[in-house]
Amino acid sequence: MTKPNKLYLYFRSAGYTILVIGLLCLMVTSLLFHSISPQLWGLSGIALVTLGSLMVIVPDRLQQHVAHQNNELWQNNATSRGTWAWLLGVVLTGFYVLLYWFPETLQGLILAVEPLSQLLRNKPSDQWFLYGLFYTLAVIIMGVYALLKYRNSRYHLIRTASVIFFQLGFAFILPGLLLAFNQREYYFSYFWPLKYDYLFPGTVSYLVDNGAALGVFMVFWGAVFSFLATPVLTYFYGKRWYCSWVCGCGGLAETAGDPYRHLSDKSKKAWQWEVAIIYPVLGFIIITTGLLWLNSYMGGSLLGRFSSGFSRSYGFFIGSLFSGVVGVGFYPLMGNRVWCRYGCPMAAYLGLLQKHLSRFRITTNGGQCISCGNCSTYCEMGIDVRWYAQQGEPIIRASCVGCGICAHVCPRGVLKLENGPTEGRYQGTTLIQRDDLKILN
Ligand code: SF4
Ligand code: SF4
């Protein structure tokens, strides 16, 4: 690593100082909002945290050579399950617990972002606006980190820009504007089965009855993307079009979660858990949706008062507990794709399509592999990429989100993400044998 110059060190220290002052402002806002101006303190805190983070991230990444992308991740306490990682895990899980079950404790911060909520949504702020704002800021700030870290790769620059764009535009600004125009809040970048209730009869009838032409369009958009666009796009590009380019959960994982990608469990046991959990979650959504439609067709006589119980129990166990508390809270301990790997029904659906009905594969030029293991280490989905590379076998796994980091970190150019024809998709490359090298004979 090049020796950091003095100016950089001053800049970084100033960045850390501003970051800490910003965090203190946010703490004061949370605890003392009755006796101070929450807007002044809270918005200053958010601005200082943003500025301080960028002052640390930008020079830090720029003064590192592009080849030094993952240096010292395993030595750094914060990225190798050390004390700082545990502390961050506790803070993140604690935040999600407060957000879902004790939102009144966030009142100071909610009041702080009131002007922004009024400006965007023309509505009072609530805990979900606060969460959306923090989430989007995390994707943008750490998106800058990812853009600089992978600045030598066009694929990663475009992919990162794409997730920032979809989070900011489709998952934050657009739903806010809909509310400002007295329309239903709708996320055009989330589809059934991930947004499971978008195709529940209650939502569909509400949108069609109350949303006029826009409501009908929302139902049309959701149904077309779930049942037509998703299979077609996955056929051509694999699940990466969604998991690594569009989805907000993937967006956070690829930006804020990037420093933790090496922590994903690569064991066979983890793979078995993955299959044992994710497909039943998808099955649960399919059955729930089917039952609710049948119930609606039968005028409510099938499920009676239990009809809302299905979606509420899913919302609690999977939507809140799994996707938020565990899925993001455990980034520093279990890697950045816990939710995508073990719990997301959309990932399960896309994965089945990718495995059985897609042109996507990662081809491996096995003869070149030196078994360094970089690819497996940095695969966020816990795939033992090296095993496939050593055999010269293509990687066709339901869980692969096509992030492309395995190919990026491979020092030998063994791996290539391809959307080739389906014929010969499973065919491996011929390994170079010793006899093939007798070139002087
Ligand atoms: S196999 Fe490669 S492209 Fe697929 S998830 Fe793992 S690192 Fe990403
Ligand atoms: S990173 Fe490349 S060379 Fe290293 S084990 Fe993986 S495929 Fe082989």
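Residues numbered from 1 in each chain as written. Chains lettered and ligands numbered in written order. Predicted model: local features only at pLDDT ≥ 70, side-chain atom pairs only at ≥ 80, totals over all residues.

### Section: the overall build of the protein
Applied cut-off: The secondary structure listing takes helices from DSSP runs of H or I that are at least 4 residues long and strands from runs of E that are at least 2 residues long, numbered from the N terminus. For the radius of gyration, the atom set is restricted to C-alpha positions; the globular benchmark scales as 2.2 Å times the number of residues to the power 0.38. Here a residue counts as buried when 20 or more other C-beta atoms sit within 10 Å of its C-beta, as exposed when there are 12 or fewer, and as partly exposed otherwise, the C-beta atoms being derived from the backbone.
When you go through the protein residue by residue, the secondary structure sums to 19 helices and two strands. Its C-alpha radius of gyration of 23 Å places the protein within 12% of the 22 Å reference for a compact globule of 441 residues. Along the longest, intermediate and shortest principal axes, the C-alpha atoms of the protein span 85 × 65 × 35 Å. Within the protein, buried positions represent 40% of all 441 residues.

### With respect to the environment of Pro280
If you trace the backbone, Pro280 turns up in helix H12 (residues 268-297). In this structure the C-alpha to C-alpha distance between Pro280 and Leu415, which are 135 residues apart in sequence, comes to 32 Å.

### Some details on the nonpolar core
As a reminder of what qualifies: By convention in this section, buried Ala, Val, Leu, Ile, Met, Phe, Trp, Tyr and Cys residues joined through C-beta atoms within 7 Å make up a nonpolar core. Residues are scored as being in contact if the C-beta atoms we place from backbone atoms lie within 7 Å.
Within the largest apolar cluster, 77 residues are counted, with the highest numbers of intra-cluster contacts made by Cys340, Cys344, Ala347, Cys375, Val385, Cys406 and Leu415. Among the elements that line this core, the one with the most residues is helix H16 (residues 345-356), at six residues. Setting aside its immediate chain neighbours within four residues, Ala347 contacts Cys243, Ile278 and Cys340. Counting residues in each nonpolar core, the second largest holds 14 residues, with Val49, Ala112, Val113 and Leu130 among its members.

### Some details on helix H8 (residues 201-210)
This is how it is decided: Regarding the arc, it is the one traced by the directions from the helix axis to the C-beta atoms.
Looking only at H8, the buried set comprises Thr203, Val204 and Leu207. Down the axis of H8, the buried set is contained in an arc of 100°. They therefore lie on one face. Along H8, exposed side chains directed more than 90 degrees from the buried face belong to Asp209 and Asn210. Buried-residue contacts for H8 involve helix H9 (212-237). Ala212 sits one or two positions beyond H8 and adopts a positive phi of about 50°.

### Notes on the site of ligand 2
Keep this limit in mind: Each residue gets a C-beta atom placed from its backbone. If that atom is within 6 Å of a molecule or strand, the residue is near it. Following the grouping adopted for this structure description, the nonpolar residues are Ala, Val, Leu, Ile, Met, Phe, Trp, Tyr, Cys and Pro, the charged ones are Asp, Glu, Lys and Arg, and the polar ones are all others, Gly among them.
Residues in contact with ligand 2 amount to 15 residues; listed here are only the nearest, Cys369, Cys372, Cys375, Ala389 and Cys410. Elements with a minimum of two residues in the shell around ligand 2: helix H17 (374-377) and helix H18 (385-391). By residue number, the principal contributor to the shell around ligand 2 is H18, which donates three residues. The class makeup of the residues in the shell around ligand 2 is 10 nonpolar, three polar and two charged.

### Details of the packing of helix H6 (residues 127-149) against helix H7 (residues 154-180)
Selection criterion: Think of each axis as a best-fit line through the C-alpha atoms, taken over the contacting stretch in the case of a helix, with angles from 0 to 180 degrees between the N-to-C directions. Oblique is the label for every angle not falling under 35 degrees (roughly parallel), over 145 degrees (roughly antiparallel), or within 65 to 115 degrees (roughly perpendicular). Two helices cross in a left-handed way if the nearer one is turned anticlockwise from the farther one by less than a right angle. They cross in a right-handed way if the turn is clockwise.
Contact pair H6 / H7: the axes reach a minimum separation of 10 Å and the direction vectors enclose 165°. Considering the angle they form, H6 stands roughly antiparallel to H7. Seen along the crossing, H6 lies across H7 with a hand that is left-handed. Across from Gly132, Thr136, Val139, Ile140, Gly143, Ala146 and Leu147 in H6, the residues of H7 making contact are Leu157, Thr160, Val163, Ile164, Gln167, Leu168 and Phe172. Class assignment of the residues belonging to the contact of H6 with H7 gives a composition of nine nonpolar, five polar and no charged.

### Side note on the environment of Gln75
When you line up the elements, Gln75 lands in the loop between helix H2 (38-62) and helix H3 (83-101). Residue Gln75 is classed as exposed on the basis of its 9 C-beta neighbours within 10 Å. Between the C-alpha atoms of Gln75 and Leu357, which are 282 residues apart in sequence, the distance is 41 Å.

### Focus on the domain arrangement of the protein
Stated formally: Domains are outlined according to an automatic or database domain assignment.
For the protein, the assigned domains are domain 1 (1-64), domain 2 (75-358) and domain 3 (359-441). Opposite the 33 residues of domain 2 that make contact, domain 3 presents 20 residues. Among the elements of the structure, H7, H9, helix H10 (240-243), helix H11 (248-255), H12, helix H15 (338-342) and H16 are those that each provide at least two residues to the side of domain 2 that touches domain 3. At four residues, H16 tops the list of elements feeding residues into the side of domain 2 that touches domain 3. Class assignment of the residues belonging to the side of domain 2 that touches domain 3 gives a composition of 11 nonpolar, 12 polar and 10 charged.

### Points about helix H5 (residues 114-121)
The set of residues buried in H5 consists of Ser117, Leu120 and Arg121. The buried residues of H5 occupy an angular sector of 75° when the element is viewed end-on, so they sit on one face. Where H5 is buried, its residues touch H6 and H7. Note on H5: the residue one or two positions beyond its end, Asn122, has a positive phi of about 60°.

### Concerning the packing of H7 against H11
Following both chains from N to C, one finds H7 and H11 inclined at 135°, their axes separated by 9 Å at the closest point. Here H11 runs oblique to H7, going by the angle between their axes. Considering how the two elements wind past one another, H7 and H11 form a crossing that is left-handed. For the pair H7 and H11, the contacting residues are Thr160, Val163, Phe166, Gln167 and Ala171 in the first and Gly248, Gly250, Gly251, Glu254 and Thr255 in the second. Counted by class, the contact of H7 with H11 contains three nonpolar, six polar and one charged residues.

### Digging into the pairing of strand S1 (residues 360-364)
Within S1, five of the five residues are buried, which leaves the element mostly enclosed by the surrounding structure. In S1, alternate side chains face the same way, and those of Phe360, Ile362 and Thr364 on one face and Arg361 and Thr363 on the other are all buried.

### A closer look at the environment of Tyr297
On the secondary structure map, Tyr297 appears in helix H12. Note on Tyr297: 11 C-beta atoms within 10 Å, which makes it exposed. Taking C-alpha positions, Tyr297 is 9.3 Å from Pro201, a pair spaced 96 residues apart along the chain.

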